[in-house]
Amino acid sequence: MRKTELKINLSNLIYNIEVIKRFTKADIQAVVKANSYGLSASEVAKTINDYVESFSVITLDEAIELRKHTDKPILLLQGVHEIDDYQIVQELCFDFVVHSNWQLENITNFNLEESRLWLKINTGMNRLGLDLVDFQTVLQNIEKIKLKEIVLMSHLAASSIKNDKQTKEQIEAFNDITNNINYRKSLANSGAIFNFPESHNDIVRPGIAIYGGKYNEFGTKNVSSLSTEIISIRPIKAGTKVGYDGSWVAKDDCFIGSIPIGYADGLPYFKEPITVIIKGKEFKTAGKANMDLLMINLGDDDTIEIGDSVQIWDFDSDLSKLSEEFNTITYNLLANISGRVSKNYLE
Ligand SMILES: *Cc1c(COP(=O)(O)O)cnc(C)c1O
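Residues numbered from 1 in each chain as written. Predicted model: local features only at pLDDT ≥ 70, side-chain atom pairs only at ≥ 80, totals over all residues. Heavy atoms only, no water.

Asks: Go over the pattern of salt bridges with me, naming the residues and quoting the values.
Replies: As enumerated under the stated definition, the model contains 18 salt bridges in all. Here Asp253 makes a salt bridge to Lys237, at a shortest N to O gap of 3.8 Å. Taken together, the positions of Asp253 in the loop between strand 13 (248-249) and strand 14 (254-259) and Lys237 in the loop between strand 11 (232-236) and strand 12 (241-242) put the pair 16 residues apart, joining distant regions of the chain. A network of salt bridges, in which partner residues are shared, links Arg2, Asp265, Asp292 and Arg340. (Salt bridge = Lys/Arg side-chain N within 4 Å of Asp/Glu carboxyl O. Helix = DSSP H or I, 4+ residues; strand = E, 2+ residues; numbered from the N terminus.)

Asks: Quick rundown of the sheet that holds strand 18 (residues 309-313)? Include the residues and the values.
Replies: Strand order in the open sheet made by the nine strands is 11-14-17-16-15-18-10-1-19, with mixed pairing throughout. Two strands close off the open sheet at either side, each with one partner strand: strand 11 and strand 19 (342-346). On average, each strand axis in the sheet is inclined to that of its neighbour by 35°, with strand direction left out of account. Summarising the sheet, strand 11 and strand 14 pair through five bridges and their orientation is antiparallel. Along strand 14, the bridge assignment pairs Ser232 with Ser258. This element, helix 1 (residues 10-23), spans strand 1 (5-9) and strand 19 of the sheet and lies at about 45° to strand 1. (Pairing = 2+ DSSP bridges. Axes fitted to C-alpha atoms, helices over the stretch in contact; angles between N-to-C directions. Contact = heavy atoms within 4.5 Å.)

On their own, these measurements won't tell you what the molecule is for.
Here is the structure:
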């Protein structure tokens, strides 16, 4: 079997939620969209179900699948994509966001008494959400609908930056709009949990912090490890080209190892060398990323053998740092891992 695998340490998920709880008294909604940022929403939900107040996803299919594993509220973060979706929202008691007027058309044809409506306000990100001019009218309209609860929410554009001015303005705008309204409120994603305590309100919505992909400096642990093994080694002479387009040329005589992982496994495409770890030592890739393979410059190290394990990242890796090498962000490293990579779960 191809030994390219993502290991997921499930107890680190609980550890990270405990870390988050040290920073906030708010209820926790675990964002498990995009298959829990690549780690498997069902496994994640089963593990942390007792530690959170609710879950959130993007698509109806994700929510339907997740319903098999939890009785807790499941929020559709973009709400319905067509009005008929409310039929399934009703049947499976999903919570849903309303970010635009059109999502309210004919909504009264459905019985949504078991659902929470999360009214999304645009506070400056200008992505989704009602603008202030429409907010009061829409609020009055939805108060006529029979619902389990109304929650007021918005999303922050730059909460990963400590003391960020735009974030402070967004928090202020959210407070101004919602201050005198007696519904529960939700604004903070992972970055805001650590950097902006004044944004926490009633329910916080961490994603990446649960998976330890970022904010390790606040105590969270990386949950995943991506590894494969050496399947080929050859000695080459100085001056020899390696890989596509002959773009990489050996400076000295060296060994080249090949590993069965590439951009079709979800690694971001790269042209410049990235670092991998073999037997605790760092090595650089040779040549551009391939679809199914990478080549490694093993230098003059003749102790590396076929079958040796190669870590792209490990449980003690800082994915924020690694993502810079890939010229991307840590969310992208995790969320892109493809179905071809086998997933193994450690208790
Ligand atoms: C993805 C998402 C989150 C979680 O963001 P993180 O930065 O991963 O914590 C929270 N709220 C909304 C609306 C989202 O789309």
